[in-house]
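# Working through the structure, step by step
So the chains spell out like this:
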Amino acid sequence: MPDWKTEIRNRLASLKLEATREAEIIEELSQHLEDRYAELRSRGMSEGQATAIALEELSHSDALARGLKRVERTVPTEPPVWGAERRNLVGALAQDIRFALRTLRKDPGFTVVAVITLALGIGANTAIFSVINTVLLKPLPYRQPQQLVTLSESRGADRATDASYPDFLDWRAQANSLRPLAGYGMGAFTFTGGGSPETLLATRVTANFFATLGVKPALGRDFVAGEDGPNGAKVVILSHKFWVERFGSSPGAVGQTVRLDGEIFSIIGVLPEEFEFAPSDSPPLWVPLNPDPQYAFRRNLRWLRVIGRLGQDVSFPRAFAEMQAINARLSAAYPQENGAVRVVMGSLREQIVGRIRPLLLILSGAVSFVLLIACGNIASLLLARGLSRKKEIAIRMALGAGRARLLQQFLTESVLLALGGGALGLVGSQWFVRLMLASVPKAQLEIMPYLRSVRMEMPVLAFTFLAAVAAGIMFGLAPALQMSRVEVNDNLKEQTRGTAGRRTSRLRDAFVTAEIGLALVLLVSAGLMLRSMAALLNTNPGFRMENLLTFSIDLPSTSYKDDPSALRFEKNFTEQVRNLPGVLGVATVSRLPLTGSGNTVRFVFEGRPTARGQEDECNIRTITGGYFDVMKIPLIEGRLFEPADTTETPRKAIVNQAFARQYGRSEDPVGKRIRFTYSSQNPFIEIVGVVGNENADQLDEAMSPIIYTSFEQNPDGYFNCVVRTSEKAEELITPIRGVLRAEDPELPLIEPQTMVQMVAQSSAIFMRRFPSHLIGSFAALALTLAMIGLYGLISFSVAQRRHEFGIRMALGAARGDLLRLVVHRGLVLALAGTSAGLIGVLAVTRFLSSLLFGVKPLDPATLAAVSLLLAVVVLPASYIPARGATMVDPMVALRNE
């Protein structure tokens, strides 16, 4: 093979280039000639022919030898070695990749910094996309999931509630557009026989539930018609996880029995491993509906959740219109129960992911800002790096390389950098996903089980690749365009001082300004989320949360067959707990506050005429007499429940202030009488007191009206205990469990936790804490990258103006003048970025409004705090390189120029 390097060195001798630069050019051109030579040989040419043609093409560089006074670009009759016209696309791309790899390898510092910077941006985007892919993009794991809908009922403008069982039966009998319709409800069982008793969640379903979803058991059989009736068979289907954990994946589990609430249930099947049903928290047990005959056929008792499947070629509007017509007929037939009820219909996917979708989209937007800032940083680095390559580019253009060819080469380098960052980011994204999911409270994972299935899949790999390519083009295009505009004559004559041109300076300034603006948007968003979180945590729930322990007790009907037995157990148990050291008080309540769950009841006031079906409705809680004292809820008026209020005396009620304001009509409610209208046989109940408000729903919701009734007058087998302690509440869990075991060894202590822990895992807190932590992390990363970009810009500017600073100081300029000059530029860029960022804040923060609480999207305090933070960070980023400018020795600067 010919000695290409010697030939090229001879032809470049007249240019008198620096040794390092000459070696780089020789290396590049020799590689091109080797590639051209190999291509010609592959066509069947002899060694001599291939060598002659390659050297002939190189001869078109003879213009370089014409001297430094005038160098013009010639257009040869035969394209140059790297001309795209003489090379197929694959060959040209391979050549560009080889050259790009050599170029990046020669500058390892730049390459490492760029790859790590891009890995941060691309990795964070990949992690968020992994979640979005699982939650929003992947179809639900059912047959034709787009045809699945949910049905519920609502009164007026109230939020949707469950449906009554009689309404469900009428819907199923009359609907033709929805075939089939299935129902399910939440439940729990006390599981015994496997050690200590424990409470297991269960979903009660109609026999056609799994068929409606299009899911078949992996082992055994499905439920069959008749098993879901009031007196249906005691059978159970296990989740795959429960089957693996409790039965060791044994196929022989089907046919065995388990003891639930003291009754024997036969295992008839095991669900597929991938099956989940988020609306019911994907519990371990699935049992037939078996509605209690005492409550099943009360049309005004709404407890059943309904799903349906659109019939073949049936549109959503058509099915909804049919359901509205059925609802109208039921309203006319049952005005008392259904007079004001409307049917609500939506997609099953919307019910599952509707609440988390805005959160994920906001996080996706936030993390994309980080990638944009990273791209801005790399673009600035490439612009600075391009100045040192001007001589190389000028020589290549003089040798015949066209602008399009140079653009292709530079973009190849950029995309290779981005792919390297994408590969590293892909690895880091898996760690980031695990970190994100680890921060999700267990209570939220139970209602969002799909989060557990987030994993690396082909769409995620495709997204990472496309994001890397897009990022490479995005940060590489402007520098490539800029570098391809090199003036051949000036750069070959070395007439420039190596300073950046105005266009390059403006571009770098624009990139840094944009980075600061994007960082400001993220900082303001993070600040708003943190302030919203603080406002939520400081919200008064109406009671004292500190030193308050909560847990639940579920008395199986097989052991506690009547109300007196349940009441006796409650009194004995709470009395024993009350006597434990460190216990200040104990009480029970049918539904805990701040859980967003509970029963409602319709009622009418005595003496107030009310049309049938138009009764008022509010929350109802059944409590024991010491509840308000334990919770530290003040008595506003009247009295509390007393020991004399028993099952033998007329029932009493207590209401909260929200009830008095909403339904009192400016009258004192104490002494008034109300009647619950779910039965015409219900007597009027006297209101004997008004207490302060407690939040029955979530911290981010307003105080709602509540009616309290006495547990002693209306006992129930399921109740929640609240225990006020003098010390750490969680330390009493073990002693209380011992008391329960002594009272009834078959009963488990259900979900013992402090009130603070319960609130910390609530949806209201999760929907603020999770994004505030993530957006805060993204904002910190964005600010760091933006300040690095600003520091790099000022440092580069100082280096480029070293000669100018030497002249200024030689002419008498003080060091302080130079310091102010450099810092001023940094502050101007920061001010421009802040102004642009504030415009972005106006456009972006309105999307955050659904997550904010107690703070406005344009909160002045947050804007002021973020602006102050930017000022604090910008000053050192500008001052440090500015101080370097003042250390310039004017004589050295002038002598070295």
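Coordinates for the structure precede this section.
Predicted, not measured: the structure shown is a model, and the values here were computed from it.

Cut-offs applied
Residues numbered from 1 in each chain as written. Predicted model: local features only at pLDDT ≥ 70, side-chain atom pairs only at ≥ 80, totals over all residues. Heavy atoms only, no water. Helix = DSSP H or I, 4+ residues; strand = E, 2+ residues; numbered from the N terminus. Buried < 20%, exposed > 50% of the residue type's maximum accessible area, 1.4 Å probe, protein only. Contact = heavy atoms within 4.5 Å. 1 Å grid on protein atoms, 1.4 Å probe; cavity = no way out; pocket = protein on both sides within 12 Å on 5 of 7 lines; lining within 4 Å. Points joined across faces, edges and corners; volume = space filled by probe spheres on them. Nonpolar A, V, L, I, M, F, W, Y, C, P; charged D, E, K, R; others polar. Patch = residues over 30% accessible without salt bridge, like charges linked within 9 Å, V, L, I, M, F, W, Y side chains within 5 Å. Areas by Shrake-Rupley, 256 points an atom, 1.4 Å probe, with all protein chains shown as cover. Salt bridge = Lys/Arg side-chain N within 4 Å of Asp/Glu carboxyl O. Pairing = 2+ DSSP bridges. Core = buried A, V, L, I, M, F, W, Y, C linked by side-chain atoms within 4.5 Å.

## Remarks on the side chain of Thr-677
Residue placement: Thr-677 occurs in the loop between β18 (673–676) and β19 (685–691). The class for Thr-677 is buried, based on a relative accessible area of 9%. Those residues in contact with Thr-677 that lie beyond four places of it in its chain are Asn-300, Gln-336, Arg-602, Phe-603, Val-604 and Glu-615.

## Regarding empty space enclosed by the protein
Scanning the model with the defined rule gives 5 cavities of 30 Å³ or more in all. Here the largest cavity is characterised by a volume of approximately 80 Å³. Around the largest cavity, the lining residues are Val-131, Ile-356, Leu-360, Leu-363, Met-436, Leu-437, Val-440, Leu-451, Phe-766 and Phe-770. Counting only elements with at least two residues in the lining of the largest cavity, the list comes to α13 (357–387), α15 (403–438) and α25 (763–800). Partitioning the lining of the largest cavity into residue classes produces 10 nonpolar, no polar and no charged.

## Description of the environment of Val-433
The topology assignment puts Val-433 in helix α15. Between the C-alpha atoms of Val-433 and Arg-455, which are 22 residues apart in sequence, the distance is 8.5 Å. Aside from chain neighbours lying at most four places away, what touches Val-433 is Ala-127, Ser-130 and Val-454.

## What to know about a nonpolar patch on the surface
Judged by side-chain polarity, Val-112, Ile-116, Leu-120 and Leu-424 come together as a nonpolar surface patch covering roughly 340 Å² of accessible area. With 3 residues, helix α5 (residues 108–137) is the single largest residue contributor to the nonpolar patch. For Leu-120, the position within the fold is in helix α5.

## Notes on the pairing of strand β12 (residues 548–554)
Two faces belong to every sheet, and in a regular strand the side chains alternate between them. Among the 7 residues that make up β12, 7 are buried, leaving the element largely enclosed by the rest of the structure. The side-chain alternation of β12 yields two buried faces, one formed by Leu-548, Thr-550, Ser-552 and Asp-554 and the other by Leu-549, Phe-551 and Ile-553. As judged from the 7 bridges shared by β12 and strand β21 (residues 718–725), these two strands associate in the antiparallel manner. What sits directly across from Leu-549, in β21, is Val-723. Examined bridge by bridge, β12 and strand β22 (residues 750–754) share 3 bridges and lie antiparallel to one another. Residue Ser-552 lies in a different strand from β22, and its bridge partner there is Ile-750.

## Examining the nonpolar core
Ranked by size, the top nonpolar core spans 94 residues in total, and within it Phe-209, Leu-213, Phe-277 and Phe-778 carry the most contacts. Considering every element that reaches this core, the biggest residue donor is α25, with 16 residues. In this structure, Leu-213 is in contact with Tyr-142, Arg-143, Leu-148, Phe-275, Phe-277, Ile-307, Arg-309 and Leu-348, ignoring residues within four places of it in sequence. Residues Phe-543, Ala-587, Tyr-708 and Met-755 belong to the second largest nonpolar core, which totals 30 residues.

## A look at the pattern of salt bridges
Here the structure, examined in full by the defined rule, presents 22 salt bridges. Of the charged contacts, one joins Glu-153 and Arg-302 as a salt bridge, the two residues approaching to 2.4 Å between their closest N and O atoms. With Glu-153 in strand β1 (residues 148–155) and Arg-302 in strand β10 (residues 302–310), this pair connects stretches of sequence that are 149 residues apart. Judged by relative accessible area, Arg-302 falls into the buried class, the value being 18%.

Coordinates in, geometry out; function isn't part of it.
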